[in-house]
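Given next are the chains, with one letter for each unit.
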Amino acid sequence: MRYTAVFDTNILISALLSTSGNPFRCLALAKIRQVESVTCQEILREFSEKLVVKFKFSQEMAQAAVEEIRSFSRLVEISTELRVVSADSDDDMVVECAVVGGATYIVTGDKHLLSLGKYQSVTIIKATEFVALLSQS
């Protein structure tokens, strides 16, 4: 079975900042195409903004990180009209990206997304659970 996943911004940042955790493993599997990574411009924009504002990356370093994610991800276009996460509307883009991209999983550490558990045919899980799932298959 081929797994298709949307990696939330917090997973992308965690993978970039630590090479020993499950978020890093998730992206490593996507880089070698054992998992199909799906993303959208909105997630990449948020990723870049957080790197610059919160982690003091230069624009160039942030752009390089975005380009790396883009190099192994399928980019989809979203309308930003889906409203699912009432507690944090910024998370709606992640769900919409998964639906539009036909993803089977959203991998996140975000409590608002995790509290959904599932949306349509998309399962929402933590990186630890995703890595465990992949190691079983």
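First, a word on what this report is: a plain description of the structure on this page. Just so we're clear, the structure is a prediction, and the values are computed from it rather than from any experiment.

### Quick look at the packing of aromatic side chains
Step number 1: Going through the model one piece at a time under the given rule, you end up with four aromatic pairs.
Step number 2: Taking the centre distance of 5.7 Å and the plane angle of 50 degrees together, the rings of Y3 and Y105 count as tilted. Residue Y3 is found in strand β1 (residues 3-7), and its partner Y105 is found in strand β4 (residues 105-107); the two are separated by 102 residues along the sequence.
Step number 3: Given the relative accessible area of 7%, Y3 is considered buried.

### Notes on the packing of helix α3 (residues 41-53) against helix α5 (residues 92-101)
Step number 1: Two elements in contact, α3 and α5, have axes separated by 9 Å at closest approach and are oriented at 140 degrees. Judged on the interaxial angle alone, α5 and α3 are oblique. Remark: the crossing between α3 and α5 carries left-handed chirality. The residues of α5 that touch α3, namely those facing E42, I43 and E46, are M93, V94 and C97.
Step number 2: Across the contact of α3 with α5, the residue classes break down as four nonpolar, no polar and two charged.

### A look at the pattern of salt bridges
Step number 1: All told, the structure shown has four salt bridges when counted by the stated rule.
Step number 2: Ionic pairing is found between K31 and E68, a salt bridge with its closest N-O pair at 2.4 Å. Of this pair, K31 sits in helix α2 (residues 22-31) while E68 sits in helix α4 (residues 59-71); the two residues are 37 residues apart in sequence, bridging distant segments of the chain.
Step number 3: By relative accessible area, which is 38% here, K31 ends up partly exposed.
Step number 4: Taking relative accessible area as the criterion, E68 reaches 34% and is therefore assigned partly exposed.
Step number 5: Salt-bridge contacts for E67 lead to R70; the nearest nitrogen and oxygen are separated by 3.7 Å. Placement of both E67 and R70 in helix α4 is noted, with a separation of three residues, approximately one turn of the helix.

Rules used in this analysis
Residues numbered from 1 in each chain as written. Predicted model: local features only at pLDDT ≥ 70, side-chain atom pairs only at ≥ 80, totals over all residues. Heavy atoms only, no water. Phe/Tyr/Trp six-rings, centres within 6.5 Å; stacked < 30°, edge-to-face > 60°. Helix = DSSP H or I, 4+ residues; strand = E, 2+ residues; numbered from the N terminus. Buried < 20%, exposed > 50% of the residue type's maximum accessible area, 1.4 Å probe, protein only. Axes fitted to C-alpha atoms, helices over the stretch in contact; angles between N-to-C directions. Parallel < 35°, antiparallel > 145°, perpendicular 65-115°, else oblique. Left-handed = near helix turned anticlockwise from the far one by under 90°. Contact = heavy atoms within 4.5 Å. Nonpolar A, V, L, I, M, F, W, Y, C, P; charged D, E, K, R; others polar. Salt bridge = Lys/Arg side-chain N within 4 Å of Asp/Glu carboxyl O.

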